[in-house]
Amino acid sequence: MSRFFVALLPPQDIQAYANEIKQYFADCYASRHAQKSPLHITLQPPFAWADDKLSSLEVTLRKFANQQKSLLVTLDGFNAFAHHVIYIDVVRSQELLTLQADLMMHIETSLGIVDEVGKKRPFAPHMTVAFRDLTRQNFQAAWQEFENRQLHSEFTADKLTLLLHDGKQWKIKSEFTFLTSNE
């Protein structure tokens, strides 16, 4: 059994910028946990899956991706989940909300993977830059610094990414390109 999750990853320039911010949190606020995965928007939270059934998981994700259109993702400033998480805020577009809901339904009906927590709360797209090991005191100091920091960027999401936990961090396992563009 391995641990996986499905996400949208931004392009390399946004990854590089976010990695600088993650390093800043590590250096100034002793928060390193966010460095254990590439910057991402989680669409399907972590789940356990049998290694010998990996191909069925990948086939299911490829089939889903082949039916999707690329979508514009807008990043707008920073936000927080009180006392423990600071993230780059992602604008909740209808296209993004629909993609996430459709993916979760597809994975549940095709593979029986169910995110019970996700069914009970609304999808809150975000890109985490500090969490878990961010103490309450460091959260308060960091949030004072970041709550009004400006950030605005857009990118076209045109593929799903399957990430695999290798025992230490999350790594890209597979990518599934969307079949159609929005043109």
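Structure's up top.
Residues numbered from 1 in each chain as written. Predicted model: local features only at pLDDT ≥ 70, side-chain atom pairs only at ≥ 80, totals over all residues. Heavy atoms only, no water.

## Describing the packing of helix α1 (residues 12-29) against helix α5 (residues 136-146)
Here is step 1: Between α1 and α5, the shortest axis-to-axis distance is 11 Å and the interhelical angle comes to 135 degrees. Classified by the interaxial angle, the pair formed by α1 and α5 is oblique. In this structure, the crossing between α1 and α5 has a hand that is right-handed. Across from I21, Y24, F25 and Y29 in α1, the residues of α5 making contact are N138, A141, A142, E145 and F146. (Axes fitted to C-alpha atoms, helices over the stretch in contact; angles between N-to-C directions. Helix = DSSP H or I, 4+ residues; strand = E, 2+ residues; numbered from the N terminus. Parallel < 35°, antiparallel > 145°, perpendicular 65-115°, else oblique. Left-handed = near helix turned anticlockwise from the far one by under 90°. Contact = heavy atoms within 4.5 Å.)

## Digging into the environment of L134
Here is step 1: Here L134 shows up in the loop between β5 (126-130) and α5.
Here is step 2: The spatial distance from the C-alpha of L134 to the C-alpha of R62 is 36 Å, given a sequence separation of 72 residues.
Here is step 3: Each residue touching L134, except ones within four places of it in the same chain, is listed here: Y29, S31, H83, H84, I86 and F139.

## Side note on the pairing of strand β4 (residues 85-90)
Here is step 1: Of all the six residues making up β4, five are buried; the element is thus mostly covered by neighbouring parts of the structure.
Here is step 2: With five bridges connecting them, strand β3 (residues 71-81) and β4 associate as antiparallel partners. Among the inter-strand pairings, L75 is bridged to a residue of β4, identified as V90.
Here is step 3: The turn joining β3 and β4, which pair antiparallel and follow one another in sequence, is formed by three residues; a positive phi near 75 degrees is taken by H83.
Here is step 4: Summarising the sheet, β4 and β5 pair through four bridges and their orientation is antiparallel. If you follow I88 over to β5, its bridge partner there is M127. (Buried < 20%, exposed > 50% of the residue type's maximum accessible area, 1.4 Å probe, protein only. Pairing = 2+ DSSP bridges.)

## Some remarks on the environment of L43
Here is step 1: Here L43 is to be found in strand β2 (residues 41-49).
Here is step 2: Separated by 60 residues in sequence, L43 and L103 have C-alpha atoms that sit 7.4 Å apart.
Here is step 3: Look past the residues within four positions of L43 in its chain and what remains in contact with it is V6, A7, L8, L96, L99, Q100, L103, M104, F123 and L160.

## Topic: the sheet that holds strand β8 (residues 170-177)
Here is step 1: Taken together, four strands build an open sheet; the order of strands is β2-β1-β7-β8 and the sheet is antiparallel. Only two strands of the sheet have a single partner each, and these edge strands are β2 and β8. Taken pair by pair, the neighbouring strands of this sheet meet at an average axis angle of 20 degrees, ignoring direction.
Here is step 2: The sheet strands contacting helix α3 (residues 94-111) are β1 (2-8), β2 and β7 (159-165), and the helix crosses β2 at an angle near 15 degrees.

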